[in-house]
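The chain contents come next:
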Amino acid sequence: MAHPQGERGLRTFLAQFDLAEIRAAGGPEWLPDAGRLYAFYDDQRHGFSDVVTILHDGSDAAGATAPGEAAFPERRVGFEAGRSRPSIDWLGVDYRGLGGWVEDLLTPEPEGPAHRVGGYPDEIQDERFPVVCEYMARGLPEPGFDDEVPPDIEDAAEDWRLLLQVDSDPELKMNFGDGGRLYVFIRRSDARRGAFEKAVGGWQTY
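Cut-off values and rules
Residues numbered from 1 in each chain as written. Predicted model: local features only at pLDDT ≥ 70, side-chain atom pairs only at ≥ 80, totals over all residues. Heavy atoms only, no water. Core = buried A, V, L, I, M, F, W, Y, C linked by side-chain atoms within 4.5 Å. Buried < 20%, exposed > 50% of the residue type's maximum accessible area, 1.4 Å probe, protein only. Helix = DSSP H or I, 4+ residues; strand = E, 2+ residues; numbered from the N terminus. Phe/Tyr/Trp six-rings, centres within 6.5 Å; stacked < 30°, edge-to-face > 60°. Pairing = 2+ DSSP bridges. Axes fitted to C-alpha atoms, helices over the stretch in contact; angles between N-to-C directions. Contact = heavy atoms within 4.5 Å.

Brief notes about the nonpolar core
Part 1: Ranked by size, the top nonpolar core spans 27 residues in total, and within it Leu-14, Ile-54, Leu-163 and Leu-182 carry the most contacts.
Part 2: When contributions to this core are tallied by element, the ones reaching two or more residues are strand S3 (12–18), helix H1 (19–24), strand S4 (36–41), strand S5 (52–57), strand S6 (160–167) and strand S7 (181–187).

What follows is the structure, given as structure tokens:
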């Protein structure tokens, strides 16, 4: 595989994952059960759908890290099943008229770096990610908070899933904006058929 190019040269190699390990740990059923994913990051693409590029190798051959000088220290990881819950932003609930008890619906801020495959994202800013992803995938400008979303986009947005969340991590010298997070999303239907080139992503910061 060719190392993906970014705005100013090669993209930064971010992570690689063994899909069999993820599935064996109870990972999402919409991920393939074999092969590897490779994630590459371009810090010049803030706010763009291709801030992270995902490559998929569906073979069972032993994987290797990407060539070139590493931007981050290496950390070997394992996977374990966990729980997450959708935010009211993810669900599309207008919380402005709900009153003070809305705080009970908010997902508490994680303690320490929150790296994740699957589940729901830990949003930093108010943003309805499934709808935003559908707009990005169609090459449309992101809608405003009060913009009416067409029914076909609402329906299509239900297929989007969190593929990868990478948090700022001092031990790995990762800092996205001001302690922000990277998010990568993919349609469940695209992931099942291995079309990871259709993933979209971005990052939020404080």
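Some details on the packing of aromatic side chains
Part 1: Under the criterion given, the structure shown has 8 aromatic pairs.
Part 2: Measuring from centroid to centroid gives 5.2 Å for Tyr-41 and Phe-176, while their planes differ by 85°, and the two rings are edge-to-face. Of this pair, Tyr-41 sits in strand S4 while Phe-176 sits in the loop between S6 and S7, and the two are 135 residues apart along the sequence. The pair formed by Tyr-41 and Phe-176 is uniform in burial state, with each residue classed as buried.
Part 3: Site record: aromatic cluster; members linked through ring pairs are Trp-90, Tyr-120, Phe-129, Tyr-183 and Phe-185.

Here we look at the pairing of strand S8 (residues 200–204)
Part 1: Of all 5 residues in S8, 5 are buried; the element is thus mostly enclosed.
Part 2: By the alternation rule, side chains of S8 split into Val-200, Gly-202 and Gln-204 and Gly-201 and Trp-203, which are all buried.

So, the sheet that holds S6
Consider a sheet: its strands pair through backbone hydrogen bonds, and that pairing is either parallel or antiparallel.
Part 1: Pairing is antiparallel in the open sheet, where 3 strands are placed in the order S6-S7-S8. Each of the sheet's edge strands pairs with one partner strand only, and the pair in question is S6 and S8. With strand direction ignored, the average angle separating the axes of adjacent strands in the sheet is 20°.
Part 2: Looking at chain direction, S6 and S7 are connected through 7 bridges and run antiparallel. The residue of S7 that forms the bridge with Leu-162 is Phe-185.
Part 3: Sheet strands in contact with helix H3 (residues 129–137) are S6, S7 and S8, and its direction is about 70° off that of S7.

Any link to function would need more than the numbers given here.
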